[in-house]
Amino acid sequence: MKILELNNVEFHYPGSEFRLANINLTFNENDFAFILGPNGSGKSTLFKLILGSKKPEKGTIKLKSKNVFEYSDKERAKNIAYVPQSSLTVYPYSIYEIVMMGRTPYFNFTGFERKRDMEIVDEALETVGLYGLRNKGINEVSGGEAQRAFIARALAQKSDLILLDEPTAHLDLKHQYSIIKLLRKLNEEQGLTIISIIHDLNLAGNFNGRAILMKNGKVFADDKIEKILISERIKEVFDVDSEVSTKTLDSGKKIFIHILDKQKF
Ligand code: ADP
Ligand code: MG
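In this text, all values refer to a predicted model and were calculated from it rather than measured experimentally.

Caption draft 1: The sheet that holds strand 6 (residues 80–83), seen in detail. Strand order in the open sheet formed by six strands is 6-7-8-3-9-10, and the pairing between neighbours is mixed. In the strand order of this sheet, the two ends are held by strand 6 and strand 10 (218–224), each with one partner. Pairwise comparison of adjacent strand axes, ignoring direction, gives a mean angle of 15° for this sheet. Lying on the sheet, helix 5 (residues 143–156) is in contact with strand 6 and strand 7 (161–165); it crosses strand 6 at an angle near 170°.

Following this line, the structure appears as structure tokens:
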């Protein structure tokens, strides 16, 4: 079933040359998609439109067949969870408190968490492997653990669609991989629809799924990752000469991009 549908969406920021145009994208339940593309290609703007925080000038964005603007903020939050870019904050909250924030759309007029909220938070903490660290401050844990806390907050929101804007930025190789692996697992085991903006093509190439390649505010390609990560497309979109190789492991097909640069320095 369609969970999200963008039809002929157009948008620009007042006074800015940048224009997002002709965006036609459909996401089905249980999709696992990466959004790839150079800096400034419009990836985060696309998310702002989906989240209803910017309004398209043209076109429509439907979340479960209903226009995103017809949802109240609370109802929308029950249907889409968002892990913003660099959520690594300076607030003095514990991991538990951060994850409990995901329950806010469900709080009643008293604004207090109930037993059910606590159970959901515990379950989300278990899922991301942070239960033992729940009382630590978000600023006292590693970047990878903090990112897991924000993913747990999204899980506690109990929406079936999660958008993540560069969830692996600032993480080391192992933690980058483990975050995407966690997302893939949630997609497969809990049936969640997960759309992640990531920069690292090699990281995307470790996972199968769909990739949407953006260039200058347009969808340049939308296909299986292995059809996206090919040298012609990488040249056209990133202006980099590369060679692509693959290796099939038990865990699946892995794609590697080797940059070809004939010039030394
Ligand atoms: P990406 O996430 O792909 O790096 P963005 O969607 O953040 O790209 O930005 C696309 C373009 O829109 C960029 O040229 C950026 O400078 C511009 N832009 C982003 N946010 C704003 C804003 N709030 N006001 C004006 N221009 C913006
Ligand atoms: Mg961005």
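Caption draft 2: Quick peek at the packing of aromatic side chains. As enumerated under the stated definition, the model contains four aromatic pairs in all. Ring geometry for F32 and F34: centres 5.4 Å apart, planes at 80°, overall edge-to-face. Residue F32 shares its accessibility class with F34, and that shared class is buried. Taking 5.2 Å as the distance between ring centres and 35° as the angle between the ring planes, the aromatic pair formed by Y177 and F207 counts as tilted. With a gap of 30 residues between them, Y177 in helix 6 (residues 173–190) and F207 in the loop between helix 7 (201–204) and strand 9 (210–215) connect regions that are remote in the sequence. Over the aromatic face of Y71 sits the side chain of K66, whose NZ or CZ is 4.5 Å from the ring centroid. Here the guanidinium or amino end of R103 rests over the ring plane of Y106, the centre of that ring lying 4.0 Å away.

Caption draft 3: Seen up close, the site of ligand 1. Close contacts around ligand 1 come from Y13, F18, P38, N39, G40, S41, G42, K43, S44, T45 and K48, and that covers them all. Y13 is positioned such that a nitrogen or oxygen atom in its side chain is 3.4 Å from a nitrogen atom of ligand 1. Here ligand 1, which alone exposes 560 Å², has 62% of that area covered by the protein. In the shell around ligand 1, the residues fall into three nonpolar, six polar and two charged.

Caption draft 4: Highlighting the sheet that holds strand 4 (residues 58–63). Reading across the sheet, the four strands line up as 2-1-4-5 and stay open at both edges, with antiparallel pairing between neighbours. At either end of the open sheet lies a strand with only one pairing partner, and these are strand 2 (19–28) and strand 5 (66–67). In this sheet, strand 4 lies alongside strand 1 (residues 2–12) in antiparallel orientation, the contact comprising five bridges. Bridge pairing in strand 4 places E5 opposite K62.

Caption draft 5: Structural view of the packing of helix 5 against helix 6. Where helix 5 meets helix 6, the closest approach of the two axes is 10 Å, and the angle between their N-to-C directions is 15°. As far as their axial angle goes, helix 6 and helix 5 are roughly parallel. With respect to the hand of their crossing, helix 5 and helix 6 are arranged in right-handed fashion. Seen from helix 5, the contacting residues are G144, Q147, R148, I151 and L155; seen from helix 6, they are H175, S178, I179, L182, L183 and L186. When its residues are assigned to classes, the contact of helix 5 with helix 6 shows six nonpolar, four polar and one charged.

The rules we used
- Residues numbered from 1 in each chain as written.
- Chains lettered and ligands numbered in written order.
- Predicted model: local features only at pLDDT ≥ 70, side-chain atom pairs only at ≥ 80, totals over all residues.
- Heavy atoms only, no water.
- Pairing = 2+ DSSP bridges.
- Helix = DSSP H or I, 4+ residues; strand = E, 2+ residues; numbered from the N terminus.
- Axes fitted to C-alpha atoms, helices over the stretch in contact; angles between N-to-C directions.
- Contact = heavy atoms within 4.5 Å.
- Phe/Tyr/Trp six-rings, centres within 6.5 Å; stacked < 30°, edge-to-face > 60°.
- Buried < 20%, exposed > 50% of the residue type's maximum accessible area, 1.4 Å probe, protein only.
- Lys NZ or Arg CZ within 6 Å of the ring centre and 35° of its normal.
- Near = heavy atom within 4 Å.
- Polar contact = N/O pair within 3.5 Å; in protein donor to acceptor, adjacent residues only side chain to side chain.
- Areas by Shrake-Rupley, 256 points an atom, 1.4 Å probe, with all protein chains shown as cover.
- Nonpolar A, V, L, I, M, F, W, Y, C, P; charged D, E, K, R; others polar.
- Parallel < 35°, antiparallel > 145°, perpendicular 65-115°, else oblique.
- Left-handed = near helix turned anticlockwise from the far one by under 90°.

Nothing here speaks to function; it is all geometry.
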